[in-house]
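Remarks on the overall topology
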Amino acid sequence: MRTRLTRFHPLLVLALSASCAPGTPSPTTPPPPAATGCAVPGTLCWDFEEGTIPPGWTPFRDEFTGRLLVDDSRPHRGRYALHAQGMVGGKEGDQGGPKKTIRYNLPEGFGPVLWGRAYVYATPERPMSHAGLFNARYPRPGSSERAFDTLDWYEVATYQKKYMSIWHPPEPPGFPEWVQVSDTPLVLDAWTCLEWQFDGANGTEPEAALPRVWLDGQELAWPETFVFSDPPAPPPVREKASNFTVLETGVFLYQGLSVPTDWWIDDLAVGKQRIGCE
Ligand SMILES: [Ca+2]
């Protein structure tokens, strides 16, 4: 949801995390305990125990105020986590908000189904605005384009203080998009385990599947669904995937955030099958 929301204050939040990066333990400290998730074949995991942005991830969005860094202020496991610190800027209800993200190119041939898992912590308030936490993108059917702005994508986020998931066409503009808003408020001041399934294959169905999300093992329901587009447009055709190619995480607000807010993400993992929580 990149644009103004006319019916409410927009705000959102979210967080993700994972573990299992091929970190290089410091010679002076013992290696962190094995991270959940990396035991599953084909899983990629990041526990941030390098103490810096992990290899393969590169800075991407950087708008308004705040920082995205790896630090030791609030790990889920081990010593470090990814930290979106002091995110603030813009006004609720207006387009444009603080965005601090990193992205990662998946290995060739990842496939059309992406499961994910991350631990997320947010404080002190639930944003009203759309706050993205994680997304994964794939080329359009038959396309050889790999540029970021040519890719279809799935997203996990929060919006109006509740968890949300979205299927998007390429960004910009990223809409018309299919939006699913849960009835579950963003959990504050505690670590939660978020899991998601982005099934871009969806068997013999004509379109890619809708995203599914679990919070601490409980699948979220989506009592509110709608097409967001500016100007209004018919629902998008959810184009099917051959291979997911790129991931993005951090925190990205599409409308303003007036309360300085922090998120931490740790033990982030993606794979071709469900990874699970601890
Ligand atoms: Ca960690």
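Described below are features of the structure shown in this document. Treat the numbers as computed from the prediction; the structure is a model and nothing was measured.

A few points about the environment of F228
Looking at the secondary structure, you find F228 in strand β14 (residues 224-228). Measuring from C-alpha to C-alpha, the distance between F228 and G174 comes to 9.6 Å, with 54 residues separating the pair along the chain.

Considerations on the state of the cysteines
Taken as a whole, this structure holds one disulfide when the rule is applied. Sulfur-sulfur distance for the disulfide between C193 and C277 comes to 1.9 Å. Across the S-S bond of C193 and C277 the torsion is about -85°, and the bridge reads as left-handed. Of this pair, C193 sits in strand β11 (residues 192-199) while C277 sits in the segment after β16 (257-271), and the two are 84 residues apart along the sequence. The class for C193 is buried, based on a relative accessible area of 1%. You can call C277 partly exposed: its relative accessible area is 26%.

Overview of the coordination of the calcium ion
All of the protein donors around the calcium ion are D47 (O), E49 (OE), R77 (O), Y80 (O), D266 (OD) and D266 (OD); their distances to the metal are 2.3 to 2.6 Å. Classification of the site at the calcium ion as irregular follows from its six donor atoms and the range of 50 to 156° in their angles at the metal. Sequence spacing among the residues donating to the calcium ion works out to D-x1-E-x27-R-x2-Y-x185-D. Remark: D266 occurs in strand β16 and Y80 occurs in the loop between β3 (65-71) and β4 (81-89); sequence separation between them is 186 residues. In terms of burial, Y80 and D266 fall into one category: buried.

With respect to the sheet that holds strand β10 (residues 177-185)
Here we have eight strands laid out as an open sheet, ordered β2-β5-β15-β7-β8-β9-β10-β14, and antiparallel in their pairing. Every other strand in the sheet has two partners, leaving β2 (57-63) and β14 as the edge strands with one partner each. Averaged over all neighbouring strand pairs, the angle between strand axes comes to 20°, with direction disregarded. Strand direction decides the pairing type here: strand β7 (residues 131-139) and strand β8 (residues 151-159), joined by eight bridges, are antiparallel. Across the sheet, P139 pairs through a bridge with L151, a residue of β8.

Conventions used here
Per chain, residues are indexed from 1 in the order of the written sequence. It should be noted that, the model being predicted, local features are given only for residues of pLDDT at least 70 and side-chain atom pairs only at 80 or more, the latter also being counted only at that level, while totals for whole chains, interfaces and linings use all residues. With hydrogens and water excluded, all non-hydrogen atoms of the structure serve as input to the side-chain values. Strands here are runs of E lasting at least two residues and helices are runs of H or I lasting at least four, both read from the DSSP assignment and numbered beginning at the N terminus. Cysteine sulfurs are considered disulfide-paired once they come within 2.5 Å of each other. Type-normalised accessible area, obtained with a 1.4 Å probe on protein chains alone, sets the label of each residue: buried when under 20%, exposed when over 50%, and partly exposed for intermediate values. Shown as donors are all N, O and S atoms within 2.8 Å of a metal ion, widened to 3.2 Å for Na, K and Ca; because water is not in the atom set, sites may appear incomplete. Any site counts as irregular unless it has four donors with all angles between 85 and 135 degrees, making it tetrahedral, or four or six donors with opposite ones more than 155 degrees apart and the rest between 65 and 115, making it square planar or octahedral. For two strands to pair, DSSP has to find at least two bridges joining them. Fitted lines through C-alpha atoms serve as axes, helices being fitted only where they are in contact, and the angles separating the N-to-C directions of these axes extend from 0 to 180 degrees.

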